[in-house]
Amino acid sequence: MQYVRCNLCGSDDYTILFEPGVAQISQIVKCNCCNLMYANPRSKDADHVGIETWNPDWVLSNPDRQKLEKESLQVKDYESTQKFLNEYYPQKGKLLEIGSSFGYLLNFFKKDEWQVMGVEPNLGQCKYAESHFGIKAIPSILEKAEISEKSVDVVLMIHVIEHVPDPYRTFQEVYRILKPGGVFVVETPRYDTLVFKLLGKRERSLSCNGHIYFFTSQTLEKMATQAGFTMLKLDYVGRSLTLDRLFYNFGVMSKNKLIKDKLNDFSKKFNLNRVRISINARDMQRAYLMKPA
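Read on for an overview of the structure.

**Let's talk about helix α5 (residues 104-111)**
1) Next: Buried residues dominate α5, accounting for 6 of its 8 residues.
2) Next: Of the residues making up α5, those classed as buried are Y104, L105, L106, N107, F108 and F109.
3) Next: Turning to α5, the residues buried within the fold contact α3 (65-74), α4 (79-88), β4 (94-98), β5 (115-119), α6 (123-133) and β7 (152-158).
4) Next: Just beyond α5, the residue with positive phi is E113, at close to 75 degrees.

Below, the structure is given as structure tokens:
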């Protein structure tokens, strides 16, 4: 475990919000200077370290069906993003997704005649995107991908920024590779919400052990503008999911293994994975940021 300073303002003055093991494995604190919430102390290894070690041949031959169904289902949630980008970039251009996984979202934009490319730390998922969709993805993290300066028109980063060990550096690297006037679309959970106030330690995204940064709309915009970006638009969005995934989330929020197992058994018994719904509790934020021209 390692102690870290605030990634936004550099302060080490913080208030403890949740002790270790209360909301998730790590202690969660709030900076007293800028209000950024983050895990501190935390594991020295970021999520991508483990993801890189997954056997690529096993991932390619035995992909996680739940994850595939989730990614495929949630593509439609980005129709509004496609519309916004097409209005902003009617001529289309080069689009990069950071954390492109199996490539479903990139394929959505590829069908719309964008020139797409991914960055994904797991080689097996990169191979899946290439074999199923003909999409090239660099098996790496952004900071090591060696993407040329000012070479990309649009960057997508969907539910990744909360996992990275140095989000401010990531914002800076995205700024470097974007062309002047380029757009960065970043989506992450939001913690200035009624949901968080009501649920506290039981809030679903807070409970994920891989999440180490927890942004409000204010701290996300502050980090973006500090890196040089201008906010074009901020949407509070929801998600498409299956009913069994909703029940899984309820189990996580209960923080009770017996309840979690009972909900899982109920979902399997009634094939709730076949029931698809959309929910918008306004607990996720999708920011459209521009690198000034």
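Here the narrative resumes.
**A word on the packing of aromatic side chains**
1) Next: Applying the stated criterion across every chain yields a total of 19 aromatic pairs.
2) Next: On the numbers, 6.2 Å between centres and 10 degrees between planes, the contact of F84 with Y88 is stacked. With F84 and Y88 both in helix α4 and 4 residues apart, the pair spans about one turn of that helix.
3) Next: Classification of F84 by relative accessible area gives buried; the value is 16%.
4) Next: Residue Y88 is classed as partly exposed on the basis of its relative accessible area, which comes to 31%.
5) Next: Between F184 and F229 the ring centres are 5.7 Å apart and the planes differ by 45 degrees, which places this aromatic pair in the tilted class. One end of the pair, F184, is in strand β8 (residues 178-189); the other, F229, is in the loop between α9 (217-226) and β10 (230-242), and 45 residues separate them in sequence.
6) Next: An aromatic cluster is defined as three or more aromatic residues linked by ring pairs; in this entry it consists of F84, Y88, Y89, W114 and Y288.
7) Next: Between K233 and the ring centre of Y288, over which it is positioned, the NZ or CZ distance is 4.8 Å.

**Let's talk about unusual backbone geometry**
1) Next: With an omega of -5 degrees, the peptide bond between N40 and P41 qualifies as cis.
2) Next: Mapped onto the secondary structure, P41 falls in the loop between β3 (37-39) and α1 (47-53).
3) Next: A positive phi is found at K92, a non-glycine position, where the angle reads about 60 degrees.
4) Next: By the element assignment, K92 lies in the loop between α4 and β4.
5) Next: For K92, a relative accessible area of 16% translates into the label buried.
6) Next: Its identity as a non-glycine residue notwithstanding, H159 has a phi of 55 degrees, on the positive side.
7) Next: Among the structural elements, H159 can be located in the loop between β7 and α7 (167-177).
8) Next: With relative accessibility at 16%, the residue H159 sits in the buried group.

About the thresholds
- Residues numbered from 1 in each chain as written.
- Predicted model: local features only at pLDDT ≥ 70, side-chain atom pairs only at ≥ 80, totals over all residues.
- Heavy atoms only, no water.
- Buried < 20%, exposed > 50% of the residue type's maximum accessible area, 1.4 Å probe, protein only.
- Helix = DSSP H or I, 4+ residues; strand = E, 2+ residues; numbered from the N terminus.
- Contact = heavy atoms within 4.5 Å.
- Phe/Tyr/Trp six-rings, centres within 6.5 Å; stacked < 30°, edge-to-face > 60°.
- Lys NZ or Arg CZ within 6 Å of the ring centre and 35° of its normal.

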